[in-house]
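Chain by chain, the residues:
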Amino acid sequence: IAHGKMQRGTPWWSPQRKALLQAAQAGTPRYVYDLDTVRARARALASITAIDRCFYAIKANPYPAILQAVVAEGFGLECVSQAELDHVFSVVPNMAPQRVLFTPSFAPRREYEAAFARGVNVTLDNIEALQRWPEVFRGRTLWLRLDLGHGEGHHEKVRTGGVAAKFGLPVARFDAFVSEANKLGVRISGLHAHLGSGIDDPRHWRDVYANLAGLADSVGTIEFIDIGGGLPIPYTPDAEAFDLVAWRAGLDEIKAEYPRFGLVIEPGRYLVAESGVLLLTVTQVVEKDGVRRVGGDGGMNALMRPAMYEAYHGIHNLTRLDDGATQAFDVVGPICETGDVLGRGRLLPTATVEGDVLLVADAGAYGMAMANTYNLRALPAEQVLGKTE
Ligand code: LLP
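Since we're looking at a predicted model, the values are computed, not measured.

Here we take up the overall build of the protein. For the protein, the count of helices and strands is 12 helices and 17 strands. Taking 2.2 N^0.38 as the reference for a compact globule, 389 residues should give roughly 21 Å; the C-alpha atoms of the protein span a radius of gyration of 22 Å, in line with that estimate. With the C-alpha coordinates aligned to their principal axes, the bounding extent of the protein is approximately 70 × 45 × 40 Å. Split into buried and exposed, the 389 residues of the protein put 44% on the buried side.

The following block contains the structure:
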C-alpha cells in the first residue's frame, strides 16, 4: 500500500450473491457476516508493531463467531456493561480476564464490583465514583479515561469529548483524581481517551497519544496508553479507504518519542462494519407525489444508523444485481415513523418489485447491535456466511 488514495476492492458479497439469496430464503431481515473480512481487518491492525494491545469494542457487533475470530487473531475484548462481560466469558472459551477491558459509562456500582471480581482491566472516568464507593476501588489498579476537551467523529451524537459529552475526566481535574486515588491506594496503570467514532484524520490518534503521554509522565505508574477506537470505514461510493499507512506512520513516530508506554487501541467499527450486510425483502413499491419508494421488511428497527445519524449505507437489489440501477427510489422500512428511511434517492433497477432481495452494505458495525423491536417487529436473524445458526 502507498500513501494517498487508498484502493477499495470489490466487496466480499458481490461474488457471494447466490449464497446470500439462498440465505434470504430462510427469512429476512437477516444480517450475514463474512468472517474472512473480519480476520483481514484484524490482521491489518495486528501487523502494526507500534501497537502493543488491541481490544475489540464488542458493542459494535457481539456476534459469538465474530468474537471468537478476533480473539483467535490475538485481540482482547472491550466491554461496556456487565452483560457484555458475561457474554464474552460465556461465548469465548478460556477467555483470559487480562485480555478484557471494562470501559463503562455511568454504570451502577455492582458492575464495577463484578468486573473486579472477574479480574478484568477496569477504566474509570470520574472522581465521584472514587469518593462515593471508596470500598469498591481501595487498593485496586485502574485505567483512567480523560476528556481531552474536544470530540471528533462522523456525527455530533458519536463525539465523546468536550463539555457536551458525558464521558471522561476533564484534564483540569487530573491532579485531583491522582490525589484521591493515592488516598485510597489506587494504582493508575493506564490512561485512556476515546474522542469519538468515524474519525477521518489519521493523525488524530498520534495526537491523543502525545497528549496522554505528556500527562502520564507526572504519575509514574502508567504502563498503558489507550488511544481509543474510532477508525472509519468508507461508507459512500466516493469515500476512500482509511489511510492505514499514514495512521501507522503517526503511531510509529509518537511511540518513538514516548517509548515506555504500551500503546493500546480499541476499535469496533473498523473490524466489522464491512463484514456485514443486511438482507431485506421488498414488501411494496409505491409512487406518491412523484417520489418512488421501495419498502423493505426492515427499516430503522433493523438498522438504526440512517435514522439516527443520517448515516449512508450502500443499497443494492441483489435479485437484479446485473440490471442497470437507473431509477431513483427512497428506500424505506415498515416502521410507523417518517424517519424510517434507509436511503434517499438511491438508484435501483426500474424493475424492482415485491419479493426482490435488497442488500444494505457495510452494516456489520452498530447494525444488529442497535436493532430493536419497535412496532413489535421481530429482531433480524443473524448468521455467518455459509452457516445458519
Ligand atoms: N472505545 C470506546 C470507549 C467507545 O465508546 C467506542 C464506541 C469504541 C471504543 C469503538 O469505537 P469505533 O471504533 O467503533 O468507532 N453507534 C454509532 C457509534 C457509537 C460508538 C460508541 N462508542 C454508529 O453507528 O456510528
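This part takes up the domain arrangement of the protein. Along its sequence, the protein is carved into domain 1 (35-273) and domain 2 (274-384). Spacing between the C-alpha centres of domain 1 and domain 2 amounts to 32 Å. Listed per partner, the contact involves 21 residues of domain 1 and 17 residues of domain 2. Listed by contribution, the elements that provide at least two residues to the side of domain 1 that touches domain 2 are α2 (35-46) and α11 (269-272). Of the residues forming the side of domain 1 that touches domain 2, the biggest block, 3 residues, is contributed by α2. For the side of domain 1 that touches domain 2, the class distribution of residues is 12 nonpolar, 6 polar and 3 charged.

Under the UniProt annotation, the feature "active site" (unreviewed entry) is placed at Cys336. For Cys336, the position within the fold is in the loop between β14 (327-332) and β15 (341-348). Since 9 C-beta atoms lie within 10 Å of it, Cys336 is described here as exposed.

Next up on the list: the nonpolar core. Within the largest apolar cluster, 95 residues are counted, with the highest numbers of intra-cluster contacts made by Val70, Leu77, Ile225, Leu279 and Val360. Element by element, the count of residues in this core is highest for helix α9 (residues 204-216), at 6 residues. Residues within four places of Leu279 in sequence aside, it is in contact with Leu20, Ala23, Ala24, Thr28, Pro29, Arg30, Val32, Val357 and Leu359.

This part takes up the site of the ligand. Taken together, 22 residues sit near the ligand, with Ser197, Gly229, Gly268, Arg269 and Tyr366 positioned nearest. Of all the secondary structure elements, the ones that give two or more residues to the shell around the ligand are α11 and α12 (305-309). Residues belonging to the shell around the ligand are distributed by class as follows: 9 nonpolar, 9 polar and 4 charged. Taken domain by domain, the makeup of the shell around the ligand includes at least three residues from each of domain 1 (35-273) and domain 2 (274-384).

Along the polypeptide, Gly139 turns up in the loop between α7 (134-137) and β6 (141-147). Considered as a pair, Gly139 and Gly185 are 46 residues apart in the sequence and their alpha carbons are 4.7 Å apart.

A few words on the packing of α2 against helix α3 (residues 64-72). Look at α2 against α3: their axes get within 10 Å of each other, and the N-to-C directions meet at 35°. The two elements α2 and α3 cross, and the hand of that crossing is right-handed. Contacts between α2 and α3 involve Leu35, Val38, Arg39 and Ala42 on the former and, on the latter, Ala65, Ile66, Ala69 and Val70. Classifying every residue of the contact of α2 with α3 by side-chain character gives 7 nonpolar, no polar and 1 charged.

Calculation criteria
Residues numbered from 1 in each chain as written. Predicted model: local features only at pLDDT ≥ 70, side-chain atom pairs only at ≥ 80, totals over all residues. Helix = DSSP H or I, 4+ residues; strand = E, 2+ residues; numbered from the N terminus. Rg over C-alpha atoms; globule rule 2.2 N^0.38 Å. Buried ≥ 20, exposed ≤ 12 C-beta atoms within 10 Å, placed from the backbone. Domains from an automatic or database assignment. Contact = placed C-beta atoms within 7 Å. Nonpolar A, V, L, I, M, F, W, Y, C, P; charged D, E, K, R; others polar. UniProt positions renumbered as here; feature names shortened; annotations may be inferred. Core = buried A, V, L, I, M, F, W, Y, C linked by C-beta atoms within 7 Å. Near = placed C-beta within 6 Å. Axes fitted to C-alpha atoms, helices over the stretch in contact; angles between N-to-C directions. Left-handed = near helix turned anticlockwise from the far one by under 90°.

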